[in-house]
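# What the coordinates show
Residues per chain, in single letters:
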Amino acid sequence: MNSWINLNALWKIVVIGLLMGAGLPALFAVGLRALVPRGGTVGSAQAGTGTEAGAGATASPALLGKLIAGLCFAAILAAMAWGIYSIVHNS
């Protein structure tokens, strides 16, 4: 073993970096996608009609989508709070 490299600390840094660096933005994207109403994008033009799809109706996401988005955003807020706590507590 090389005494210059602490492999125990190195794998922890890599795993946390991957989870926080790629996992949280992906979780945020899932939360935003859950808020989009089913059936496509709101406000996009329908082919051949000359009108906008969202002009007369207001589409809202389903209850399950709102629940999934809320859970995703709560997990992101919890990770942010944990990060702030660990910085303040360890310094």
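The coordinates are above.
Throughout what follows, the structure given in this document is the object of discussion. Just so we're clear, the structure is a prediction, and the values are computed from it rather than from any experiment.

With that settled, consider the overall build of the chain. Each helix and strand in the chain was counted, giving 2 helices and 0 strands. Among the 91 residues that make up the chain, the fraction classed as buried is 12%. In the chain, of all internal contacts separated by at least 6 residues, the share reaching a separation of at least 24 is 68%.

Quick look at the packing of helix α1 (residues 7-35) against helix α2 (residues 63-90) now. At their nearest, the axes of α1 and α2 sit 7 Å apart, and the two run at 155 degrees to each other. In this view, α1 runs roughly antiparallel relative to α2, as classed from their interaxial angle. In the crossing of α1 with α2, the sense of the turn from one axis to the other is left-handed. Of α2, the residues touching α1 (which contributes M20, L24, L27, F28, V30, G31, L32, A34 and L35) are G65, K66, I68, A69, C72, F73, A75, I76, A79 and W82. Looking at the contact of α1 with α2, its residues break down into 16 nonpolar, 2 polar and 1 charged.

Moving on: a nonpolar patch on the surface. Taken together, W11, V15, I16, L19, M20, W82 and Y85 make up a surface patch of nonpolar side chains, about 720 Å² in accessible area. Elements with a minimum of two residues in the nonpolar patch: α1 and α2. The greatest single-element share of the nonpolar patch, amounting to 5 residues, is contributed by α1. Note on placement: W11 falls in helix α1.

Moving on, we come to the packing of aromatic side chains. According to the stated counting rule, one finds 1 aromatic pair in the structure shown. Geometrically, the ring pair formed by F28 and F73 is tilted, given 5.5 Å between the ring centres and 50 degrees between the ring planes. Taken together, the residues span a long stretch of sequence, with F28 in helix α1 and F73 in helix α2 at a distance of 45 residues. On the basis of relative accessible area, F28 is assigned to the partly exposed category, the value being 40%.

Turning to α2, a few remarks are in order. Its 28 residues give α2 an end-to-end C-alpha distance of 40 Å, which sits within 8% of 40 Å, the value for a rise of 1.5 Å per residue. Along α2, the residues that are buried comprise G65, A69, C72, I76, A79 and G83. Contacts from the buried residues of α2 go to α1.

Before going further, it helps to examine α1. The end-to-end C-alpha separation of α1 is 41 Å, in line with the 42 Å expected for 29 residues at 1.5 Å each. Along α1, the sharpest kink reaches roughly 35 degrees, centred on G23 and followed within four residues by the proline P25. If you follow the buried residues of α1, they end up packed against α2. The N-capping residue of α1, defined by a side-chain oxygen 3.3 Å from the backbone nitrogen of N8, is N6.

Parameters at a glance
- All chains use their own residue numbering, which begins from 1 and follows the written sequence.
- pLDDT decides what is reported in this predicted model: residues at 70 or higher carry local features, side-chain atom pairs at 80 or more are listed and counted, and totals for whole chains, interfaces and linings draw on all residues regardless.
- To get the side-chain values, all heavy atoms of the structure are used, and hydrogens and water are removed first.
- To qualify as a helix, a DSSP run of H or I must reach at least 4 residues; to qualify as a strand, a run of E must reach at least 2; elements of each kind are numbered from the N terminus.
- Only protein chains enter the calculation, and the probe is 1.4 Å; a residue is then buried if its accessible area is under 20% of its type maximum, exposed if over 50%, and partly exposed in between.
- By definition in these notes, contact holds between two residues if any of their heavy atoms fall within 4.5 Å.
- Every axis in this analysis is a line fitted to C-alpha atoms, fitted for helices over the stretch in contact. Angles between the N-to-C directions lie between 0 and 180 degrees.
- Here roughly perpendicular refers to angles of 65 to 115 degrees, roughly parallel to angles under 35, roughly antiparallel to angles over 145, and oblique to all remaining angles.
- If you view the pair so one helix is near and one far, a crossing is left-handed when the near helix is turned anticlockwise from the far one by less than a right angle, and right-handed when it is turned clockwise.
- Gly falls in the polar group here, along with every residue not listed as nonpolar (Ala, Val, Leu, Ile, Met, Phe, Trp, Tyr, Cys, Pro) or charged (Asp, Glu, Lys, Arg).
- Each patch is built from residues lacking any salt bridge and having more than 30% relative accessible area; the joining distance is 9 Å for like charges and 5 Å for nonpolar side chains (Val, Leu, Ile, Met, Phe, Trp, Tyr).
- The accessible surface values rely on the Shrake-Rupley method and a 1.4 Å probe; as for residues, cover is taken only from the protein chains in view.
- In what follows, salt bridge is the name for a side-chain nitrogen of Lys or Arg lying within 4 Å of a carboxyl oxygen of Asp or Glu.
- Any two of the Phe, Tyr and Trp rings considered here, Trp counted by its six-membered ring, make a pair once their centres fall within 6.5 Å; the pair's planes then place it as stacked at under 30 degrees, edge-to-face at over 60, or tilted in between.
- What a helix is expected to span follows from its residue count: subtract one and scale by 1.5 Å.
- Bend, in this description, refers to the angle at a residue between axes fitted to the seven residues ending there and the seven starting there.
- Polar contacts here mean pairs of N or O atoms no more than 3.5 Å apart (in protein, one a potential hydrogen donor and the other a potential acceptor; neighbouring residues in sequence count only if both atoms are side-chain atoms).

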